[in-house]
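# A structural walkthrough
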Amino acid sequence: VLHATRPLHTTQQCLAPLPPLPEKGGEVRHGLIPEEFFQFLYPKTGVTGPYMLGTGLLLYLLSKEIYVINHETVAAACILTVLIYGIKKYGPAVGEFADKLNEEKIGRALAVKNEAIKNLETAIEQEKKEQWRVEGRNYLFDAKRNNVAMLLEANYRERMLMVYNEVKKRLDYQVAMQNLKRQREQDHMIQWVEKNVIQSITPQQQKDSITKCILDLKALSKSAQAAV
Amino acid sequence: GPLSERHLMDVRLGELPAWLATCDISPQGLLGGIQKAWSSYYDKYINVKRGGPAGISLLLAGYCLLSYGWNYQHISKSSFLASV
């Protein structure tokens with residue numbers, strides 16, 4: 001939409017993009033005289049005016065010897081004949097060749113431009129994809145936070161276990177110490193009691209106990225023999 | 001528009017001396033005028049997509065006329081016509 005109220009072409013003529021070249025050059029008639037001359041004379045003298053003017057001018061120049069006819073005239077006539085024949089015969093072919101060259105040049109430039117546009121479009125799409133990816137950073141950070149929390153928890157529990165083991169070892173040590181002490185005391189006392197008892201057994205007591213044992217055994221054997 | 005800014009083609013015959021008085025005769029002005037004339041000719045007949053014979057043929061014809069005019073004195077002497 002072009003807002004026509006805005007003044008156009010107020011600044012310096014900008015060079016890009018250039019306006020396209022005109023298709024055909026200025027019209028000329030007979031390859032020499034621009035059309036503007038004929039159009040200039042048309043209102044006053046019609047179609048034949050310029051030709052009449054040309055003929056009159058030519059006759060005047062020849063008759064007044066302003067244009068002298070000499071060897072150069074003949075040479076000019078021959079050169080002109082050859083030139084016109086050559087142009088009429090090979091003109092279109094040369095034109096097509098030049099057009100083909102131009103087309104190739106334009107095609108190459110267009111290819112470069114399209115390539116550049118395509119590259120930029122792919123760059124735009126990748127950029128949009130990156131922007132979409134950025135939106136997922138919430139999930140990323142949540143996952144990271146969870147990881148960190150889990151690590152902390154694991155570490156904490158490991159240390160708790162270590163503390164528990166250490167304390168248990170110390171308590172076990174104390175318990176073992178007490179048990180050992182009690183046991184040593186017990187053994188020592190038993191030994192002491194046995195020692196004292198053995199010491200207290202006098203030889204007389206020994207003899208008395210042995211005689212008693214023999215009498216008991218005899219009684220037992222008698223009762224056993226009676227039983228059998 | 002005002003006289004000094006019109007092209008030569010738009011100036012009437014009666015105003016021609018006044019128009020000539022307004023144009024710039026200094027070397028820079030002349031050079032600028034020549035440049036403008038050449039660039040307008042160039043853009044009209046040579047700098048187009050599909051040009052015809054008009055581009056150089058006009059230049060060659062102009063050159064022929066100019067050189068004939070310069071050598072007219074020598075050509076118009078009838079000394080060599082006697083040898084024919």
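Residues numbered from 1 in each chain as written. Chains lettered and ligands numbered in written order. Predicted model: local features only at pLDDT ≥ 70, side-chain atom pairs only at ≥ 80, totals over all residues. Heavy atoms only, no water.

- The name an unreviewed UniProt entry assigns to chain B is ATPK synthase, from the organism Syrrhaptes paradoxus.
- What the UniProt record of chain B gives under Subcellular location (unreviewed entry) is the line "Mitochondrion membrane".
- Under Sequence similarities (unreviewed entry), UniProt gives the following word-for-word description of chain B: "Belongs to the ATPase F chain family." (UniProt positions renumbered as here; feature names shortened; annotations may be inferred.)

- In the annotation of an unreviewed UniProt entry, chain A is listed under the name ATP synthase subunit b and assigned to Syrrhaptes paradoxus.
- One UniProt comment on chain A, placed under Sequence similarities (unreviewed entry), says "Belongs to the eukaryotic ATPase B chain family."
- Turning to chain A, the UniProt annotation filed under Subunit (unreviewed entry) states: "F-type ATPases have 2 components, CF(1) - the catalytic core - and CF(0) - the membrane proton channel. CF(1) and CF(0) have multiple subunits."

## What about the overall build of chain A?
- Within chain A, the regular secondary structure consists of five helices and two strands.
- The secondary structure elements of chain A, listed N-terminal to C-terminal, are β-β-α-α-α-α-α.
- Here chain A has roughly 21600 Å² of accessible surface; of this, 65% comes from carbon and sulfur atoms. (Helix = DSSP H or I, 4+ residues; strand = E, 2+ residues; numbered from the N terminus. Areas by Shrake-Rupley, 256 points an atom, 1.4 Å probe, with all protein chains shown as cover.)

## Looking at the nonpolar core
- Among the nonpolar cores identified, the biggest contains five residues, and these are Val28 of chain A together with Tyr41, Tyr45, Ala54 and Leu58 of chain B.
- Setting aside residues no more than four positions away along its own chain, tyrosine 45 of chain B makes contact with Gly26, Glu27, Val28, Pro34 and Glu36 of chain A together with Ala54, Gly55 and Leu58 of chain B. (Core = buried A, V, L, I, M, F, W, Y, C linked by side-chain atoms within 4.5 Å. Buried < 20%, exposed > 50% of the residue type's maximum accessible area, 1.4 Å probe, protein only. Contact = heavy atoms within 4.5 Å.)

## Re unusual backbone geometry
Residues and elements named next belong to chain A.
- Despite not being glycine, glutamate 65 has its phi angle at roughly 60°, a positive value.
- Tracing the sequence through the fold places glutamate 65 in the loop between helix H2 (49-63) and helix H3 (71-134).
- Taking the relative accessible area as the measure of exposure, glutamate 65 reaches 42% and is therefore partly exposed.

## Topic: the packing of aromatic side chains
- Counted under the stated rule, the structure contains seven aromatic pairs over all chains.
- Arranged with centres 6.3 Å apart and planes meeting at 80°, the rings of phenylalanine 37 of chain A and phenylalanine 38 of chain A form a pair that is edge-to-face.
- Seen in terms of ring centroids, tryptophan 38 of chain B and tyrosine 42 of chain B are 5.9 Å apart; in terms of plane orientation they differ by 35°. Their pairing is tilted. In this pair, tryptophan 38 of chain B and tyrosine 42 of chain B are both assigned in helix H2 (residues 27-45), four residues apart and thus about one turn of the helix distant.
- By relative accessible area, tryptophan 38 of chain B is classed as partly exposed at 44%. (Phe/Tyr/Trp six-rings, centres within 6.5 Å; stacked < 30°, edge-to-face > 60°.)

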